[in-house]
Amino acid sequence: MDRLTDADTLVELLGDWTTVRGPLYRKLASAVATCIEAGDLRAGQRLPSERDLAKLLTVSRATVVAAYDELRGSGLVDSLRGSGTRVAARVRARSSGADGRVPGGRATSIFQRLVDGPGEVISLAMAIEPAAPELAEAIRELTGGDDLDELMADVGYHPRGYPPLRQAVAQHYAELWLPTTADQVLVTTGAQQVLGLVAQMYLRPGCTVVVESPSWPGCLDVFRAAGARLVGVPLDEEGVRPDLLAKAFADEKPVLAYVMPTFHNPTGTLMSTSRRQRVAELAARFDVPILEDNAYTGFVSRDGVSALSPIGAFARGNAEILTVGSMAKAVWGGLRIGWVRAPGAIIERLARYKVRADLGSPILDQAITARLLPKLSDIAGARGDVLRLRLDHLQNLLGEHLPSWRWRSPDGGSALWIELPETSAQIFAQVALRHGVELVPGSATDPSGGHDNHVRLPFTLPTEVLTELVRRLSSAWTDLRRHGPVDDEPEPTV
């Protein structure tokens with residue numbers, strides 16, 4: 001039988017269980033029951049001990065005991081002396097998706113929030129904003145001109161991407177000192193699809209992928225789902241550390257390395273030009289393909305830097321570097337258009353996976369993107385002005401109300417990477433939920449445990465929401481530091 005040795009795993013599956021109404025132990029029992037019925041917890045699987053789960057959920061042990069009793073009464077779990085509490089062998093999961101839950105993974109809570117909507121909590125699962133005003137202008141220009149008739153006469157199927165957009169992407173990279181032809185570009189339905197296509201092409205069960213530590217949970221889930229083993233490499237103020245990257249390449253023999261050089265998520269670090277050159281050199285020396293994700297390129301740093309040359313611009317010899325871009329962060333999350341730039345032979349292979357997936361991305365969205373891409377630096381400049389004001393506002397509030405928290409002001413991007421002193425972020429996230437804030441703990445970004453005391457705080461929210469956010473976080477922090485685990489109702493009689 002499997003054993004759920006890590007209580008952290010169950011805590012991630014529970015999601016925002018405290019936000020529903022009712023006694024705390026019944027809320028917990030209901031959330032665990034949902035996991036069982038969804039198949040996230042399988043028949044015969046051992047649940048965490050009452051003590052371990054109570055610690056991570058910041059509730060009393062009596063609350064967990066009462067919740068487990070409730071589950072036993074429902075026939076969902078069994079308990080035997082010496083073997084703990086297990087999911088009942090007779091339990092059968094519902095059909096996949098019948099409960100409306102996103103399948104498991106480190107990014108489950110992030111994607112579940114997309115499905116469920118914001119609710120009453122202030123969710124920090126995603127750093128999102130309304131569309132840039134230039135998007136509406138591009139739509140009006142397209143629909144109000146002769147270009148629309150020409151577009152409607154098009155066949156509509158372009159597995160490699162709408163030709164004018166591929167040409168616009170090629171020009172975009174040429175301006176960043178990365179000479180590119182349209183044949184070296186594949187248009188995708190967002191940057192996330194690139195990750196899936198690359199995983200299909202490069203990864204096999206048991207292979208090794210080198211990632212930055214920390215990294216974006218969504219990409220980690222994609223690689224894990226393909227059966228890859230992840231090896232993390234730390235960052236410094238210039239980006240991924242080249243000495244440790246070289247060691248990982250030599251020792252682990254990875255089939256792929258994934259990095260975010262431009263405003264890294266979640267740290268906001270901008271990889272220096274010299275560091276980009278070094279990463280390209282290591283790719284050639286060890287013959288390791290590099291997937292560089294520059295989805296945040298459209299944001300402008302405090303120094304006004306919106307983008308440096310991609311790592312691909314420094315490729316020499318046999319270096320195989322795939323450069324990813326997207327409009328989702330720079331313009332609007334609803335504009336689900338991304339792309340990957342790579343050697344022509346790689347693009348041809350990826351296009352075969354792409355056509356099998358969806359026959360091609362929406363052509364209207366691509367036509368709009370082709371109009372917007374030449375204006376990307378101006379869009380980034382306007383958005384950057386707003387984000388810098390919000391960043392300053394958030395940092396001032398945190399300095400005043402949570403002075404013990406530590407962070408490095410980001411080079412760019414859209415979030416602060418906060419270190420909580422001597423505190424598990426997963427434990428604090430449970431307290432924050434009860435104060436109306438949904439956090440993504442650092443454990444979701446780093447499977448090694450090296451960032452378990454970190455949280456990501458986006459500053460894309462309006463200033464009045466940021467003010468309320470800090471008020472709630474400060475209240476939750478005071479709760480945790482003064483009282484530790486505490487129930488919000490009298491303990492039930494069991």
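Residues numbered from 1 in each chain as written. Predicted model: local features only at pLDDT ≥ 70, side-chain atom pairs only at ≥ 80, totals over all residues. Heavy atoms only, no water.

Some remarks on the packing of helix α2 (residues 24-38) against helix α4 (residues 61-73)
Where α2 meets α4, the axes come as close as 8 Å, and the angle between the chain directions of the two elements is 50°. On the basis of their axis angle, the class for α2 and α4 is oblique. Here the hand of the crossing between α2 and α4 comes out right-handed. Contacts from L24, Y25, R26, L28, A29, V32 and A33 in α2 reach T63, V64, A66, A67, E70 and L71 in α4. (Axes fitted to C-alpha atoms, helices over the stretch in contact; angles between N-to-C directions. Helix = DSSP H or I, 4+ residues; strand = E, 2+ residues; numbered from the N terminus. Parallel < 35°, antiparallel > 145°, perpendicular 65-115°, else oblique. Left-handed = near helix turned anticlockwise from the far one by under 90°. Contact = heavy atoms within 4.5 Å.)

Focus: the packing of aromatic side chains
Scanning all chains against the criterion turns up five aromatic pairs. Aromatic pair W405 and W477: ring centres 5.5 Å apart, planes at 90°, arrangement edge-to-face. Remark: W477 occurs in helix α17 (residues 463-483) and W405 occurs in the loop between α15 (376-401) and β12 (406-407); sequence separation between them is 72 residues. Overall, W405 belongs to the buried group, its relative accessible area being 2%. You can call W477 buried: its relative accessible area is 8%. On the basis of an interplanar angle of 80° and a centroid distance of 5.4 Å, the ring pair of F428 and W477 is categorised as edge-to-face. With F428 in helix α16 (residues 425-434) and W477 in helix α17, this residue pair connects regions lying 49 residues apart in the sequence. Across the pair, exposure class does not vary: F428 and W477 are buried alike. Linked through ring pairs, W405, F428 and W477 together constitute an aromatic cluster. (Phe/Tyr/Trp six-rings, centres within 6.5 Å; stacked < 30°, edge-to-face > 60°. Buried < 20%, exposed > 50% of the residue type's maximum accessible area, 1.4 Å probe, protein only.)

Notes on the sheet that holds strand β11 (residues 338-341)
Taken in spatial order, the eight strands of this open sheet run β4-β11-β10-β9-β8-β5-β6-β7, and their pairing is mixed. Lying at the two open borders of the sheet, with one neighbouring strand each, are β4 (185-188) and β7 (239-240). Relative to strand β9 (residues 290-293), strand β8 (residues 256-259) is paired through three bridges, and the arrangement is parallel. Following the sheet pairing, A257 is matched in β9 by I290. Its contacts with the sheet place helix α8 (residues 163-174) against β4, β10 (321-326) and β11, and it is angled at close to 120° to β4. Along the sheet, helix α13 (residues 344-358) makes contact with β4, β10 and β11, crossing β4 at roughly 25°. (Pairing = 2+ DSSP bridges.)

Regarding the packing of α16 against α17
Relative to each other, α16 and α17 sit at 120°, their axes nearing to 9 Å. Between α16 and α17, the angle is such that the two are oblique. Helix-helix and strand crossings are classified by hand; for α16 and α17 the assignment is right-handed. For the pair α16 and α17, contact is made by I427, F428, V431 and A432 and by L473, A476, W477, D479 and L480, respectively. Per-class residue counts for the contact of α16 with α17 are eight nonpolar, no polar and one charged. (Nonpolar A, V, L, I, M, F, W, Y, C, P; charged D, E, K, R; others polar.)

Read these as layout, nothing more, since geometry by itself doesn't imply function.
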